[in-house]
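# Summary of the model geometry
Residues per chain are reported as follows:
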Amino acid sequence: MKRILLTIALGLGLLTANAQIEKLAGPRLGVTFIGAGPVADFLHEGFDFDDDRDGKHGSTGSAFTTQYGWQWESRFADNGSIAGLVEWVVVVGGMERQMFLPSISSLVGVRTGEGMEYAVGPNLSATGINMVFTIGKNFKSGDLNFPVNLAFVPNGNVWGEDEESGARISIMVGFNMGK
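Report on the accompanying structure. Values in this document were obtained by computation on a predicted structure and should not be read as measured data.

### A look at the overall build of the protein
Tallying secondary structure elements over the protein gives 2 helices and 9 strands in all. Per-residue burial for the protein yields a buried fraction of 40% across its 179 residues. For the protein, restricting intrachain contacts to residue pairs at least 6 apart in sequence, the fraction spanning at least 24 positions comes to 48%. Split by element, the accessible area of the protein, about 10500 Å² in all, is 66% carbon and sulfur.

### Some words on the pairing of strand β1 (residues 22–34)
By the bridge criterion, 13 bridges tie β1 to strand β2 (residues 63–76) in an arrangement that is antiparallel. What sits directly across from Val 31, in β2, is Thr 66. In this sheet, strand β8 (residues 168–174) lies alongside β1 in antiparallel orientation, the contact comprising 7 bridges. Residue pairing for β8: Arg 28 is matched across the bridge by Gly 174.

### Re the environment of Arg 28
Here Arg 28 lies in strand β1. Residue class for Arg 28 comes out buried when judged on its relative accessible area of 2%. When the C-alpha positions of Arg 28 and Met 172 are compared, they lie 6.3 Å apart, and in sequence the two are 144 residues distant. Excluding residues within four positions of it along the chain, Arg 28 makes contact with Gln 67, Tyr 68, Gly 69, Trp 70, Gln 71, Pro 147, Met 172, Val 173, Gly 174, Phe 175 and Asn 176. Polar contacts involving the side chain of Arg 28 include one to the side chain of Gln 71, which spans 2.5 Å.

### Overview of helix α2 (residues 38–45)
Taken together, the buried positions of α2 are occupied by Pro 38, Val 39, Ala 40, Asp 41 and Leu 43. The elements touched by buried residues of α2 are β1, β2 and β4 (101–112). Among the residues trailing α2, Gly 46 stands out with phi positive, at a value near 65 degrees.

Reading the values: the criteria
- Residues numbered from 1 in each chain as written.
- Predicted model: local features only at pLDDT ≥ 70, side-chain atom pairs only at ≥ 80, totals over all residues.
- Heavy atoms only, no water.
- Helix = DSSP H or I, 4+ residues; strand = E, 2+ residues; numbered from the N terminus.
- Buried < 20%, exposed > 50% of the residue type's maximum accessible area, 1.4 Å probe, protein only.
- Contact = heavy atoms within 4.5 Å.
- Areas by Shrake-Rupley, 256 points an atom, 1.4 Å probe, with all protein chains shown as cover.
- Pairing = 2+ DSSP bridges.
- Polar contact = N/O pair within 3.5 Å; in protein donor to acceptor, adjacent residues only side chain to side chain.

Written as structure tokens, this is what we have:
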């Protein structure tokens, strides 16, 4: 009997906890500025990129690329004035240059009742792993959400080499439907 009561209590606890988590997902579009370095050189030169430059990467200057992707978000501990967020963002850049430059970010942050959001987490891309810092605003129209985010990935070493990749700054917009 104790096992049955414990199983029912755990099941109700899980259902209650799951009911407090709102999951949202939707497309993301954006543009990314990439500081001078080997990534910008690769964007400018494509597959003619010469990786053997004797430390002279960044000679082509900075670059821009478009981003297209998808974001999955779970909100938890939402009390109306502040909510905890866990987000996964997968994007592909470089398509305007016929390139495939994937990136995935896992973020943990907060969103205020007014829609301001702040998050931080790891970013994995073709250049390696680095931290990403984001700030944004979520605009609501009925059940429709329109997030606008500014993301910053600082200079990092390209896969552990002594060379810096070039900092990245992205502006991303999207939409999703709340419940």
